Amino acid sequence: MSWLFPIMFILHDFEEIIMAEGWMKRNSTRIYDILPERIADRVIKQFSMSTAQFAVAVLVIFLFVSSSTVMANQYVIQGLLGNIYTFTIITLAFFLHAFTHIGQSIILHSVTPGAFTSLIVIIPYSSVLYRSLLVNEVITWEIIFLCLPFCLLIIPVALLAHWIGKKVG
């Protein structure tokens, strides 16, 4: 089940890669109409990038997703690089991220990039993943609650990925 994580990530992020640039161009005035100017400025600045730049940012994050998946599988087979905490943090952040897309769609009264796959890919996959990990005693609720605050560490990773995307793409 954990090996599906990179695939689910890519399915979701392909939707974002394909839609983000055009959606931002079509909806930037709407963002300013709905959000306070200071927040709208940050959103526009952070997400105004070409499709190629966004794809580079996704690639950077994908490296974290893939390596966390390898470490989780090493943990299960008691391998040298085994670590379930990184995987738990990244998958929790991915799960919570789905709700940001849904919230954005509600606030902006528009289907935002990533909202569709959040509903049909991320939330169902995450639910099945965590049920499987808990039932098979790979993780516990204690591990989930311990890892939850560390999801905030994904924010600087995402910001770094966006910065790299803008520089390289």
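Residue positions are given per chain, counting from 1 as you read along its sequence in written order. The model is predicted, so local features are restricted to residues of pLDDT at least 70 and side-chain atom pairs to those at 80 or more, both for listing and for counting; the totals for chains, interfaces and linings are taken over all residues. Water and hydrogen atoms play no part in the side-chain values, which are based on all heavy atoms of the structure.

Undergrad: Sorry, what's going on with the overall build of the protein here?
TA: For the protein, the helix and strand inventory stands at seven helices and zero strands. Its helices and strands in sequence order give the protein the pattern α-α-α-α-α-α-α, from N to C terminus. Just to be clear, the radius of gyration here is over C-alpha atoms, and the globule rule we use is 2.2 Å times residues to the power 0.38. A globule of 169 residues ought to have a C-alpha radius of gyration of about 15 Å, and the protein, at 17 Å, matches this closely. Overall, the protein is about 50 × 30 × 25 Å in size when its C-alpha atoms are taken along their principal axes. Within the protein, the proportion of its 169 residues that are buried is 40%. Taking all contacts inside the protein whose residues are at least 6 apart in sequence as the whole, residues at least 24 apart take part in 75%. The positive count covers Lys and Arg only, the negative count covers Asp and Glu only, and His and the chain ends enter neither. Charge placement uses NZ in Lys and CZ in Arg. For Asp and Glu, CG and CD serve respectively. Of the side chains in the protein, 9 bear a positive and 9 a negative charge, and the two mean positions are spaced by 8 Å. We count a stretch as a helix when DSSP gives it H or I for four or more residues in a row; a strand needs E for two or more, and each element gets its number in order from the N terminus. Exposure classes here rest on a 1.4 Å probe applied to the protein chains alone. A residue is buried below 20% of its type maximum, exposed above 50%, and partly exposed in between. Contacts are assigned to residue pairs with any non-hydrogen atoms lying within 4.5 Å of each other.

Undergrad: It is not clear to me how the packing of aromatic side chains should be interpreted in this structure. Could you clarify?
TA: Centre-to-centre distance and the angle between the planes together describe a pair of aromatic rings. What counts as a ring pair is set by centres within 6.5 Å for rings of Phe, Tyr and Trp (its six-membered ring), and what kind of pair is set by the plane angle: stacked under 30 degrees, edge-to-face over 60, tilted for all other angles. Within the structure shown, the criterion is met by six aromatic pairs. Pairing F95 with F99 gives two aromatic rings, centres 5.2 Å apart and planes at 85°, and the pair type is edge-to-face. Here F95 and its partner F99 are both found in helix 4 (residues 84-108), four residues apart, which amounts to about one turn of the helix. Judged by relative accessible area, F99 falls into the partly exposed class, the value being 41%.

Undergrad: How should the nonpolar core be read in this particular structure?
TA: The nonpolar side chains of soluble globular proteins are, as a tendency, buried together. As used here, the term nonpolar core means buried Ala, Val, Leu, Ile, Met, Phe, Trp, Tyr and Cys residues forming a set that is joined through side-chain atoms within 4.5 Å. Membership of the largest hydrophobic core comes to 30 residues, with the highest contact counts inside it found for F5, I84, F87, Y130, L133 and I139. At the level of elements, helix 1 (5-34), helix 3 (51-76), helix 4, helix 5 (115-135) and helix 6 (141-147) are the ones that each hand at least two residues to this core. In terms of residue count, helix 4 provides more of this core than any other element does, eight residues in total. Those residues within four positions of L133 in sequence are excluded, and the remaining contacts are F87, V138 and I139. One finds M24, I31, I44 and L108 within the second-largest nonpolar core, a separate group that totals six residues.

Undergrad: Please clarify how the environment of P149 should be interpreted in this entry.
TA: Within the secondary structure layout, P149 lies in the loop between helix 6 and helix 7 (154-168). P149 gets classed as exposed once you look at its relative accessible area, which sits at 52%. Between the C-alpha atom of P149 and that of L92, which follows or precedes it by 57 residues, the distance is 9.9 Å.

Undergrad: Quick question: what am I supposed to make of the side chain of E16 here?
TA: With respect to the helices, strands and loops of the structure, E16 is situated in helix 1. Take a side-chain nitrogen of Lys or Arg and a carboxyl oxygen of Asp or Glu: if they are within 4 Å of each other, that pair is a salt bridge. Here E16 occupies a buried position and makes no salt bridge, while the nearest side chain of opposite charge, R26, is found at 14 Å. Once residues lying within four places of it in the same chain are set aside, the contact partners of E16 are F54, H97, H101, P113 and G114.

Undergrad: Looking at this structure, I do not really get the packing of helix 1 against helix 3. What am I missing?
TA: Each packed pair of helices is defined by two parameters, the angle between the axes and the distance between the axes. Contact geometry for helix 1 and helix 3: axes closest at 10 Å, N-to-C directions at 170°. Considering the angle they form, helix 1 stands roughly antiparallel to helix 3. Where helix 1 approaches helix 3, its residues F5, P6, F9, I10, D13, E16, I17 and E21 are matched on the opposing element by T51, F54, A55, V58, I61, F62, V65, S66, S68 and T69. Polar here means any residue other than Ala, Val, Leu, Ile, Met, Phe, Trp, Tyr, Cys and Pro, which are nonpolar, and Asp, Glu, Lys and Arg, which are charged; Gly is therefore polar. Among the residues forming the contact of helix 1 with helix 3, the class breakdown is eleven nonpolar, four polar and three charged. To define axes, lines are fitted to C-alpha atoms, for helices over the stretch in contact only, and angles between the resulting N-to-C directions are given on a 0 to 180 degree scale. Throughout, the term roughly parallel applies to angles under 35 degrees, roughly antiparallel to angles over 145, roughly perpendicular to angles from 65 to 115, and oblique to all others.

Undergrad: What is the right way to look at the environment of V43 in this model?
TA: Looking at the secondary structure, you find V43 in helix 2 (residues 37-47). On a C-alpha basis, the gap between V43 and M19 in space is 16 Å, while along the polypeptide they are 24 residues apart.

Undergrad: Hey, could you run me through a nonpolar patch on the surface in this one?
TA: Residues qualify for a patch when their relative accessible area is over 30% and they have no salt bridge, like charges being joined within 9 Å and the nonpolar side chains of Val, Leu, Ile, Met, Phe, Trp and Tyr within 5 Å. Computed by Shrake-Rupley with a 1.4 Å probe, the accessible areas treat only the displayed protein chains as cover when residues are assessed. Taken together, the side chains of M1, L4, I7, L11 and V128 define a hydrophobic patch exposed on the protein surface, amounting to about 410 Å² of accessible area. As for its placement among the helices and strands, L11 is situated in helix 1.

Undergrad: Explain helix 1 to me, please; I cannot follow it from the model alone.
TA: Turn by turn, an α-helix covers 3.6 residues, leaving residues three or four places apart pointing in a common direction. With 30 residues, helix 1 should cover 44 Å at 1.5 Å per step; its first-to-last C-alpha distance of 34 Å lies more than 12% under that length. Throughout, the bend at a residue refers to the angle made by two axes, fitted to the seven residues ending there and to the seven starting there. Along helix 1, the helix axis deviates most sharply at N27, where the bend reaches about 55°. By this rule the span expected of a helix is its residue count minus one, scaled by 1.5 Å.

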